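Okay, here's what each chain looks like letter by letter:
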Amino acid sequence: MILEARNIAKTYLRGGMPFSAVDDVSLEIGEGEFVCIEGRSGSGKSTLLSILAGLLTPTSGTVRFGGKDYAALGDRERSFLRNTKLGYIMQGQSVLPNLTVLQNVLLPFTFFRRDGGSDQKALGLLDRAGLLPLAEQYPASLSGGEMRRVAIVRALLASPLLLIADEPTGDLDETTTREIMELFESAAKGGTAVLMVTHDKSTTRYAGRCFTMRSGKLTAG
Ligand SMILES: Nc1ncnc2c1ncn2[C@@H]1O[C@H](COP(=O)(O)OP(=O)(O)OP(=O)(O)O)[C@@H](O)[C@H]1O
Ligand SMILES: [Mg+2]
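Our subject in this report is the structure included herewith. (Residues numbered from 1 in each chain as written. Chains lettered and ligands numbered in written order. Predicted model: local features only at pLDDT ≥ 70, side-chain atom pairs only at ≥ 80, totals over all residues.)

Quick look at the overall build of the protein
Put simply, the test is: Under the DSSP-based scheme used, a helix requires at least four consecutive residues in state H or I and a strand at least two consecutive residues in state E, with every element numbered from the N terminus. We take the radius of gyration over the C-alpha atoms and set the globule estimate at 2.2 Å times the residue count to the 0.38 power. Partly exposed residues are those falling between the two cut-offs: more than 12 but fewer than 20 other C-beta atoms within 10 Å of their own, whereas 20 or more means buried and 12 or fewer means exposed, with C-beta atoms placed from the backbone. Contacts here follow a simple rule: the backbone-placed C-beta atoms of the two residues must lie within 7 Å.
From N to C terminus, the protein includes eight helices and ten strands. Radius of gyration (C-alpha) of the protein: 17 Å, near the 17 Å computed for a compact globule of 221 residues. The C-alpha extent of the protein, read off along each of the three principal axes, is 50 × 40 × 35 Å. When burial is assessed residue by residue, the protein has 39% of its 221 residues classed as buried. A fraction of 70% describes how many contacts in the protein between residues 6 or more apart in sequence connect residues 24 or more apart.

Here you go:
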């Protein structure tokens, strides 16, 4: 298994009362699987993804990614694992304004120097995402959908074990959405497990398994 989450819960305080954002969620994802999660706004999807990505510590439960328990890792080990083996596309924009498109895409390789982050590979993926003419531009001159695609290319560049995408096509048109889903599909065929939160019905058919989140609980279908 690439990802094994057991009995994950996250409780926040709201007006002094405990509030369950994620409630006893267990989930396993294997190599090359494409899994999607739907659910209403506020149902706990982004909170769950942050926990699965090792960015947020759950109130209880365990997450193993690539066979390693996040809780057993130090900060540096955890961020190394995240940077090298996990692609995370956050909800909303996450590109840095003072770097060009190409520099943004290569950023994870700047933090932890290693093979695989060549300009050539980056330019090839930018081309597949329709962004090649924009490689030397700064984000200020990009549209919202273009910035989102930059974040997607950045997450895919390292051929991660797991790609986590939080509403990746929220601001994309139908054609671009299809192109992005095809990029995800081909990553999955190459062995990358994909976990995607989506509100977009046209994207769920790419997934082999779909779940629905309701008030912090995850159910199949
Ligand atoms: N840091 C926090 N402190 C307190 N409550 C929080 C915090 N983060 C999220 N919440 C609450 O937890 C619930 C779940 O939030 P989350 O962002 O996971 O929802 P979501 O399903 O991703 O929604 P959307 O579809 O709108 O993105 C919400 O009610 C939110 O207000
Ligand atoms: Mg969300």
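Quick notes on the sheet that holds strand E9 (residues 209–214)
We count it as follows: Strands qualify as paired when DSSP identifies two bridges or more between them. Inter-axis angles, ranging from 0 to 180 degrees, are taken between N-to-C directions of lines fitted to C-alpha atoms, where helices are fitted over the stretch in contact.
With respect to topology, six strands assemble into an open sheet ordered E6-E7-E8-E3-E9-E10, the strand pairing being mixed. The open sheet has two free edges, formed respectively by strand E6 (86–89) and strand E10 (217–220), since each of these has just one partner strand. Along the sheet, successive strands turn relative to each other by an average axial angle of 20 degrees, direction set aside. Where E9 meets E10, four bridges bridge the pair, whose relative direction is antiparallel. Within E10, the position partnered with Phe211 by the bridge is Ala220. Running over the sheet, helix H6 (residues 144–156) touches E6 and strand E7 (162–166) and is turned about 170 degrees from E6. Contacts from helix H7 (residues 174–189) reach strand E3 (34–39), E7 and strand E8 (193–197), with the element oriented near 150 degrees to E8.

Notes on the site of ligand 1
For the record, the criterion: Nearness between a residue and a molecule or strand is assessed with a C-beta atom placed from the backbone; a distance within 6 Å qualifies. Each residue is assigned to one of three groups, with Ala, Val, Leu, Ile, Met, Phe, Trp, Tyr, Cys and Pro labelled nonpolar, Asp, Glu, Lys and Arg labelled charged, and all others, Gly among them, labelled polar.
Ligand 1 sits among Tyr12, Ala21, Gly39, Ser41, Gly42, Ser43, Gly44, Lys45, Ser46, Thr47 and Gln91. Top element by residues in the shell around ligand 1 is helix H1 (residues 45–52). It accounts for three residues. Taken together, the residues of the shell around ligand 1 break down into two nonpolar, eight polar and one charged.

Considering the environment of Ser186
Relative to the assigned elements, Ser186 resides in helix H7. Ser186 sits 115 residues away from Ala71 along the chain, and the two C-alpha atoms are 32 Å apart.

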